[in-house]
Amino acid sequence: MSRRSVFHTWILASVSPVALLPLNPDELLSTTRAVRKRLDFDKPVPDELIRECVSLAMQSPSGSNSMTMQFIIVKDEAKRKAIGAVYRECFSQYQAMDGVYIRTIDKGDAVLNQQQQRSADSADYLGDHMGDAPVLVIPCNVGGRTEAAGGLGMMASSVMANILPAMWSFMLAARARGMGTAWTTVHLMMEQQVADILGIPFDTVQQVCLSPLAFTKGTDFKAAIRPDAETIIHWDKW
Ligand SMILES: Cc1cc2nc3c(=O)[nH]c(=O)nc-3n(C[C@H](O)[C@H](O)[C@H](O)COP(=O)(O)O)c2cc1C
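Only a predicted model underlies this, so the values are computations on that prediction, with no experimental measurement involved. (Residues numbered from 1 in each chain as written. Predicted model: local features only at pLDDT ≥ 70, side-chain atom pairs only at ≥ 80, totals over all residues. Heavy atoms only, no water.)

**With respect to the packing of aromatic side chains**
Under the definition given, this model contains 6 aromatic pairs. The interplanar angle of 5 degrees and the centroid separation of 6.4 Å between the aromatic rings of Phe 41 and Tyr 125 together place this pair among those described as stacked. Of this pair, Phe 41 sits in the loop between α2 (25-31) and α3 (47-57) while Tyr 125 sits in helix α5 (residues 110-129), placing them 84 residues apart in sequence. Residue class for Tyr 125 comes out partly exposed when judged on its relative accessible area of 24%. When the ring of Phe 71 is compared with that of Phe 170, the centres are 5.5 Å apart and the planes differ by 20 degrees; the resulting orientation is stacked. Here the residue Phe 71 occupies a position in strand β1 (residues 69-74), and Phe 170 occupies one in helix α7 (residues 164-176), the gap between them amounting to 99 residues. When its relative accessible area of 17% is taken as the criterion, Phe 71 is described as buried. Using a relative accessible area of 0% as the deciding quantity, one classes Phe 170 as buried. (Phe/Tyr/Trp six-rings, centres within 6.5 Å; stacked < 30°, edge-to-face > 60°. Helix = DSSP H or I, 4+ residues; strand = E, 2+ residues; numbered from the N terminus. Buried < 20%, exposed > 50% of the residue type's maximum accessible area, 1.4 Å probe, protein only.)

**Looking at the pattern of salt bridges**
Evaluation of the coordinates by the stated rule reveals 10 salt bridges. Of the charged contacts in the structure, one is a salt bridge between Asp 220 and Arg 38, with a shortest N-O distance of 2.9 Å. Taken together, the residues span a long stretch of sequence, with Asp 220 in the segment after β5 (211-215) and Arg 38 in the loop between α2 and α3 at a distance of 182 residues. For Asp 220, a relative accessible area of 56% translates into the label exposed. Taking relative accessible area as the criterion, Arg 38 reaches 27% and is therefore assigned partly exposed. Between Asp 47 and Lys 75 there is a salt bridge, with the nearest N and O atoms lying 2.7 Å from each other. With Asp 47 in helix α3 and Lys 75 in the loop between β1 and α4 (77-95), the pair connects residues that are 28 residues apart, well separated along the chain. (Salt bridge = Lys/Arg side-chain N within 4 Å of Asp/Glu carboxyl O.)

**Considering empty space enclosed by the protein**
According to the stated counting rule, one finds 1 cavity of 30 Å³ or more in the structure shown. Taken as a whole, the largest cavity holds about 40 Å³ of empty space. Around the largest cavity sit Thr 31, Thr 32, Arg 33, Val 35, Arg 175, Met 179, Gly 180, Thr 181, Thr 216 and Phe 221, which together line it. Of the residues that constitute the lining of the largest cavity, the class distribution is 3 nonpolar, 5 polar and 2 charged. (1 Å grid on protein atoms, 1.4 Å probe; cavity = no way out; pocket = protein on both sides within 12 Å on 5 of 7 lines; lining within 4 Å. Points joined across faces, edges and corners; volume = space filled by probe spheres on them. Nonpolar A, V, L, I, M, F, W, Y, C, P; charged D, E, K, R; others polar.)

**Remarks on α7**
Along an α-helix, a turn takes 3.6 residues, which lines up residues three or four apart on a common side. The end-to-end C-alpha distance of α7 is 19 Å, a good match for the 18 Å that 13 residues give at a rise of 1.5 Å each. Those residues of α7 that fall on the buried side of the exposure criterion are Ala 166, Met 167, Phe 170, Met 171, Leu 172, Ala 173, Ala 174, Arg 175 and Ala 176. Packed against the buried residues of α7 are α2, α3, β1, β2 (135-142), β3 (179-180) and β5. Looking one or two places after α7, you find Gly 178, whose phi comes out positive at around 85 degrees. (Expected span 1.5 Å × (residues − 1). Contact = heavy atoms within 4.5 Å.)

**Examining the nonpolar core**
Nonpolar side chains in soluble globular proteins tend to end up buried together. In this structure, Ile 83, Tyr 87, Phe 91, Leu 136 and Leu 210 are the most contacted members of the largest nonpolar core, which totals 30 residues. Among the elements of the structure, α4, α5, β2 and α8 (191-198) are those that each provide at least two residues to this core. Discounting chain neighbours no more than four positions away, the residues touching Leu 210 are Ile 83, Tyr 87, Met 130, Leu 136, Val 137, Ile 138, Ala 182, Trp 183, Thr 184 and His 187. Within the second largest apolar cluster, 21 residues are counted, among which are Phe 71, Ile 163, Met 167 and Ala 173. (Core = buried A, V, L, I, M, F, W, Y, C linked by side-chain atoms within 4.5 Å.)

**Looking at the side chain of His 187**
In this structure, His 187 sits in the loop between β3 and α8. Sequence-distant contacts of His 187, that is, excluding residues within four places in its chain, are made with Tyr 87, Cys 90, Val 194, Gln 207, Cys 209 and Leu 210.

**Focus on the site of the ligand**
Surrounding the ligand, one finds Arg 33, Ala 34, Arg 36, Tyr 87, Ile 102, Ala 123, Trp 183, Thr 184, Thr 185, Val 186 and Arg 226. Here an oxygen atom of the ligand and a side-chain polar atom of Arg 33 are 2.9 Å apart. With respect to the ligand, the side chain of Arg 226 contributes an N or O atom lying 2.8 Å from an oxygen atom. When atoms are counted within 2 Å of each cavity's grid points, the one that captures over half of the ligand is the largest pocket. A class-by-class count of the residues in the shell around the ligand yields 6 nonpolar, 2 polar and 3 charged. (Near = heavy atom within 4 Å. Polar contact = N/O pair within 3.5 Å; in protein donor to acceptor, adjacent residues only side chain to side chain. Sits in = over half its atoms within 2 Å of the grid points.)

So this is what it looks like as structure tokens:
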């Protein structure tokens, strides 16, 4: 049997440990939020669900069809706590960055500023609790680092784009299965420390983010307020 039909057989025949949420594609795309306070730290996540999310993520594009994306799934408690401590340290440095830290960004609108402060409360919470999530996910790209791209936009973009779409697919697949994730990057200030905890060869494997993975408390998430599409589209010219 070809690899393709093996995958199709698997996806059709697999009996997922959970039923998919009744979300149409637009609902899935518009309600996959950064989940932090509503992560259920006490409910274990079955390995089979993680495999499903990774298998679906593998359907994302990759440069030259190279498929250099890798997912590090951290379940070991001691390692989660160690990564959580690195995250906490980086998060406290980020909190001191005026104009970068989420709480210090003025949206110029009372409603949006209120939403921003709620997001900041949620981000602060994760700053203290990253290591409490039952699973941590670190998507990586293998084969070289953006720093080695020598300022070449094409090379740096390719390193990133070989893994970023895959991770977003992973997050969508997780949401469809009742789980929450949150894209975070502050630990990359101390990427080497996390590489050392997990035995990642730093020079050839680049981490691109860190996400908790857990079932969510409730599954009702809303679309966020976003700028109107027309304000960011450039028709035919910048
Ligand atoms: C590049 C990037 C970096 C981010 N870094 C962090 C982070 O370090 N910590 C965190 O709590 N959230 C982080 N976020 C999540 C954003 O705060 C979140 O996506 C944003 O507030 C919008 O919220 P929503 O995704 O729920 O709509 C990051 C998101 C992106 C795309």
